[in-house]
Every structure is written in C-alpha cells, then in structure tokens.
Amino acid sequence: MRNSGIIISIIAGISIIIFAMIFGNAYKYKYKNSNTINVTGNAMTNFESDIVKWSASFSRKSMDLSEASEQLKRDRDMVKDFLVRQGISDKEILFNAVNINRDFSYHTDPNGNSYNTFTGYSLSQNVSVESKDLDKVANASREISTLISQGVELSSNLPNYYFSGLEDLKLKLISEASQNAKVRAENIAKEAGSSLGELVKADLGIFQITGQNENEEYSYGGAFNVTSRKKTANITVKTSYLSN
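Keep in mind the model is a prediction, meaning the values are calculated, not measured.

### Some words on the overall build of the protein chain
Next, step 1: If you tally the helices and strands in the protein chain, you get four helices and nine strands.
Next, step 2: The linear arrangement of helices and strands in the protein chain, starting from the amino end, is α-β-β-α-β-β-β-α-β-β-α-β-β.
Next, step 3: Residues classed as buried in the protein chain amount to 29% of the 244 residues present.
Next, step 4: Contacts in the protein chain between residues far apart in sequence, at least 24 positions, make up 74% of those at least 6 positions apart.
Next, step 5: Of the roughly 15,700 Å² of accessible surface on the protein chain, a fraction of 52% belongs to carbon and sulfur atoms.

Here it is as structure tokens:
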C-alpha cells in the first residue's frame, strides 16, 4: 500500500510539471503573438506590352458545299494578302481548320406537326496573328474591315496585349512590396517605442494588372487586363514581424 502511495505521488508530481510546461509554453505563445506587428506592403509599376495577339473570322454559306468551300478559299486568300500587305509576315499568320455546319429551318404545319428544311452549308474559318510588331497588327485589325466592301463576311476582334517579361516583373514587385512592408513595420515599432524583430510570416497578396489611366476595379481573385497596350502592375505582400 505504501508503494502504491509513492507511485501515485510520483505520477501526480510529473503531471504538475507537464501542466506547468504546457501552461508556460501557451503563455509564451500568447505573449509572442500579442507582440507582433502585422503590415501589408505594396508595390506597383507601369509597363508597356511587347506582344500582340489578334484574331478575326470569316464565313460563307451556300446550298452547295463545294461552292461554299471555293468561296471561303477565295476569302482566305484575300485575308492573307491583306495582312501581308500590312507588313505582317507569313509565319505570324495562322489559319485554323474550317468549321462546317448544316443549317436547317424549323417549321410547324397547321396540324401541329414539326418538320425542318435544309437551308444550306455554313462554313467559317478563324485567322489569328501573334507578333511583336504592335503597331502593324493594331493597324491591320482596324483596316481589315475594308475587305467587307469586297464581299468578305468578316468579323474582327480587338487585339489583346501581353508582356513577355511578366514573371521577372512580378518577382521584382514582390521584392519591392516586401521591403515596403518592412519599412512600415519599422515605423510602427518606432512609434510604439520598441524595435523590429524577425519576420515570422509572409503571404503573397493579390497580383493585379490593369490598364493605365483606366478606372478598372480591382478583383478579389486578381485582375489581368489584356485589352490595354500600356498597363499597371500592382502587388501586395502581407507580413508579420516580432516586436522587441
């Protein structure tokens, strides 16, 4: 019985020590968290796109498939000739496969029965251009509508603009935003009469690309403007520093 009491006392003593350690660590953790400075750094820069992508589509319709195909081929030759005359090289021009649809007109007779009649073959094709010569492609996208007066049923899309050095630009902005966050944290610590400790946490915020001088709203998931040639990149970094 005496041995049992000794064992119980030992276990109780160990439990007290363990509880004290847990409580002490919890207190230190709470103290550590209560002495952190949380700031968000920001960095932004203006840049100009160096790649343009543009596309258009043209179509033909006929009751005879071979006739529609021949008409579409003539249109394709006219489109290519136009683009080449605009200074765009052959290797920058891409024609996608021809899309063929059979069109029908749907009717209902006086008895309520439905039926359809064949109205012809609709053939369409897309042409796209990717180039680093932004001015030539932008001008071609505006002027290609002149082919409509020559009988080409054509629809032109707006050019989309991209930047080949985007990854390097993003890394540069992350570095600048991180430094901006540190300066803000140092100012807060100074005003509080303390010094800035080590960085304990850093999270990348939203990366936004908007058009310069345009009233675009920032998106929660990140905006990525492709319609503006001149753009503004903005990034945030959320950081937590210890305060000593």
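Moving on, there is more to tell.
### With respect to the confidence of the model for the protein chain
Next, step 1: For the protein chain, mean pLDDT is 87; residues scoring 70 or higher make up 84% of the total.
Next, step 2: Throughout residues 22-33 the model reports pLDDT below 50, and contacts reaching past four residues in sequence, or to other chains, amount to one contact.

### Some details on helix α4 (residues 166-191)
Next, step 1: Between its terminal C-alpha atoms α4 stretches 37 Å, which fits the 38 Å expected from 26 residues at 1.5 Å a residue.
Next, step 2: Downstream of α4 by a residue or two, G193 has a phi angle that is positive, lying close to 75°.

### A look at the pattern of salt bridges
Next, step 1: Summed over all chains, the structure comprises 10 salt bridges.
Next, step 2: With a shortest N-O distance of 3.3 Å, D103 and K61 are connected by a salt bridge. Remark: K61 occurs in strand β2 (residues 51-62) and D103 occurs in strand β4 (residues 99-108); sequence separation between them is 42 residues.
Next, step 3: When salt bridges with common partners are traced through the structure, they connect E48, D135 and R229 into a single cluster.

### Side note on the packing of aromatic side chains
Next, step 1: One pass over the full model with this rule turns up four aromatic pairs.
Next, step 2: Ring centres of F118 and Y121 lie 5.0 Å apart, and the angle between their planes is 70°; this geometry places the pair in the edge-to-face category.
Next, step 3: Taking the relative accessible area as the measure of exposure, F118 reaches 27% and is therefore partly exposed.
Next, step 4: Within the aromatic cluster, the residues linked to one another by ring pairs are F104, F118 and Y121.
Next, step 5: Geometry around Y162 places K53 over its ring, the cationic atom sitting 5.0 Å from the centre.

### Comments concerning the nonpolar core
Next, step 1: Core analysis: the largest hydrophobic core is formed by 24 residues, its most contacted members being V79, L83 and I144.
Next, step 2: Only β2, α2 (65-85), β5 (114-131) and α3 (134-143) provide two or more residues apiece to this core.
Next, step 3: With five residues, α2 is the largest single contributor of residues to this core.
Next, step 4: When residues no more than four places from it in sequence are discounted, the contact partners of L83 are W54, I88, I93, V127, V129, A140 and I144.
Next, step 5: In terms of nonpolar packing, the next biggest core, distinct from the first, is built from 11 residues, F47, L169, L173 and I235 among them.

### Points about the sheet that holds strand β9 (residues 230-243)
Next, step 1: Taken in spatial order, the three strands line up as β1-β9-β8 in an open sheet, and their pairing is antiparallel. Single-partner strands in this sheet number two, and they are β1 (36-48) and β8 (196-211). Averaged over all pairs of adjacent strands, the angle between strand axes in this sheet comes to 15°, irrespective of strand direction.
Next, step 2: Inspection of the sheet shows β1 paired to β9 by 13 bridges, in the antiparallel sense. Among the inter-strand pairings, I37 is bridged to a residue of β9, identified as Y241.
Next, step 3: Here α4 sits on the sheet in contact with β1, β8 and β9, set at roughly 145° to β1.

### Topic: α3
Residues separated by three or four positions in an α-helix point in the same direction, a consequence of the helix having 3.6 residues per turn.
Next, step 1: Along α3, the residues that are buried comprise L134, V137, A138, A140 and S141. One face of α3 carries all of its buried residues, which in axial projection span an arc of 160°.
Next, step 2: Turning to α3, the residues buried within the fold contact β2, α2, β5, β6 (153-156) and β7 (160-162).

About the criteria used
- Residues numbered from 1 in each chain as written.
- Predicted model: local features only at pLDDT ≥ 70, side-chain atom pairs only at ≥ 80, totals over all residues.
- Heavy atoms only, no water.
- Helix = DSSP H or I, 4+ residues; strand = E, 2+ residues; numbered from the N terminus.
- Buried < 20%, exposed > 50% of the residue type's maximum accessible area, 1.4 Å probe, protein only.
- Contact = heavy atoms within 4.5 Å.
- Areas by Shrake-Rupley, 256 points an atom, 1.4 Å probe, with all protein chains shown as cover.
- pLDDT = per-residue confidence, 0-100.
- Expected span 1.5 Å × (residues − 1).
- Salt bridge = Lys/Arg side-chain N within 4 Å of Asp/Glu carboxyl O.
- Phe/Tyr/Trp six-rings, centres within 6.5 Å; stacked < 30°, edge-to-face > 60°.
- Lys NZ or Arg CZ within 6 Å of the ring centre and 35° of its normal.
- Core = buried A, V, L, I, M, F, W, Y, C linked by side-chain atoms within 4.5 Å.
- Pairing = 2+ DSSP bridges.
- Axes fitted to C-alpha atoms, helices over the stretch in contact; angles between N-to-C directions.
- Arc of directions from axis to C-beta.

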